Amino acid sequence: MAQLTPMMQQYMETKKQYHDCILFYRLGDFYEMFFDDAITASRELEITLTGKDCGLEERAPMCGVPFHAVDSYLNKLVSKGYKVAICEQVEDPKLAKGLVKREVIRIVTPGTNLNTQALDADG
């Protein structure tokens, strides 16, 4: 039986805690989504669905968005009624021993989106 890689184990532990959200999981310069989140996000955001070797026999569905452009993607998902959990790297990858520590730092929902650019002026 195949086993998930340590990074994917960390992802799955976080996803378990935020199962009702699309999890934006920071990997370097991108927020990545995996499995069902990736399928949903790729469809809703009209971005490419790829795959990642994760230790299982089949590649995990994966898609991602650049961290510097995340707000427009968040706004699009939230406007469609999705909740999004932002999981950020909370230590410097250059100083990390083993896996980089990550934590969910923000949950964005239609009721909590404070980005004024996302607000509908006609609303």
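Since the model is a prediction, treat every value here as computed from it, not as a measurement.

Here we take up the nonpolar core. One finds Phe24, Met33, Val65 and Leu74 to be the most contacted residues of the largest nonpolar core, which totals 17 residues. Mapped onto this core, the elements with two or more residues apiece are strand 1 (22–27), strand 2 (30–34), helix 2 (35–45), strand 4 (60–66), helix 3 (70–79) and strand 5 (84–89). No other element matches helix 3, which puts four residues into this core. Grouped together as the second largest cluster of nonpolar side chains are 13 residues, Met8, Tyr25, Phe34 and Cys87 included.

A separate point is the sheet that holds strand 4. Picture the strands of a sheet paired through backbone hydrogen bonds; they go either parallel or antiparallel. Pairing in this open sheet of six strands is mixed, and the strands run 3-4-2-1-5-6 from one edge to the other. Looking along the sheet, the strands with just one partner apiece sit at the ends: strand 3 (50–52) and strand 6 (102–108). The sheet shows a mean angle of 40 degrees between the axes of neighbouring strands, direction not considered. Two elements, strand 2 and strand 4, share five bridges in a ladder whose sense is antiparallel. Of the residues in strand 4, the one forming a bridge with Met33 is Cys63. Helix 1 (residues 6–17) contacts strand 1, strand 2, strand 3, strand 5 and strand 6 of the sheet and is inclined by roughly 145 degrees relative to strand 1.

We now examine the pattern of salt bridges. Any two side chains of opposite charge can pair, given that their charged atoms come close. As enumerated under the stated definition, the model contains eight salt bridges in all. For Asp20, the salt bridge identified is with Lys83, shortest N-O distance 2.6 Å. Taken together, the residues Asp20 in the loop between helix 1 and strand 1 and Lys83 in the loop between helix 3 and strand 5 connect sequence positions 63 residues apart. Lys80 is the salt-bridge partner of Glu44, the closest N and O atoms lying 3.0 Å from each other. With Glu44 in helix 2 and Lys80 in the loop between helix 3 and strand 5, the pair connects residues that are 36 residues apart, well separated along the chain. Judged by relative accessible area, which is 43%, Lys80 ranks as partly exposed. Bridged by salt links that share partners, the residues Arg43, Glu44 and Lys80 form one connected network.

Attention now goes to the confidence of the model for the protein. Taken as a whole, the protein shows an average pLDDT of 89; of its residues, 89% reach a score of 70 or greater. Here strand 3 is the element of the protein with the lowest mean pLDDT, 91, and helix 2 is the one with the highest, 98. A low-confidence stretch, residues 118–123 (pLDDT under 50), is modelled with three contacts involving residues beyond four sequence positions or located in other chains.

Criteria and thresholds
- Residues take numbers from 1 onward in each chain, read along the sequence in its written order.
- Given that this is a predicted model, residues contribute local features only at a pLDDT of at least 70 and side-chain atom pairs are listed and counted only at 80 or more, while totals for whole chains, interfaces and linings are drawn from all residues.
- The basis for the side-chain values is all heavy atoms of the structure; hydrogens and waters are excluded.
- For our purposes a nonpolar core is just a set of buried Ala, Val, Leu, Ile, Met, Phe, Trp, Tyr and Cys residues, chained together by side-chain atoms within 4.5 Å.
- Per-residue accessibility, obtained with a 1.4 Å probe over protein chains only, is compared with the maximum for each type, and a residue is labelled buried under 20%, exposed over 50%, and partly exposed between these values.
- Helical segments are the DSSP runs of H or I of at least four residues, strand segments are the runs of E of at least two, and each set is numbered from the N terminus.
- When DSSP finds at least two bridges between two strands, those strands are taken to pair.
- Between N-to-C directions, angles span 0 to 180 degrees; the directions come from axes that are lines fitted to C-alpha atoms, helices contributing only their stretch in contact.
- For this analysis, residues touch if any pair of their heavy atoms sits within 4.5 Å.
- Salt bridge, as applied in this entry: a Lys or Arg side-chain nitrogen positioned within 4 Å of an Asp or Glu carboxyl oxygen.
- In predicted models, pLDDT denotes the confidence assigned by the predictor to each residue on a 0 to 100 scale.

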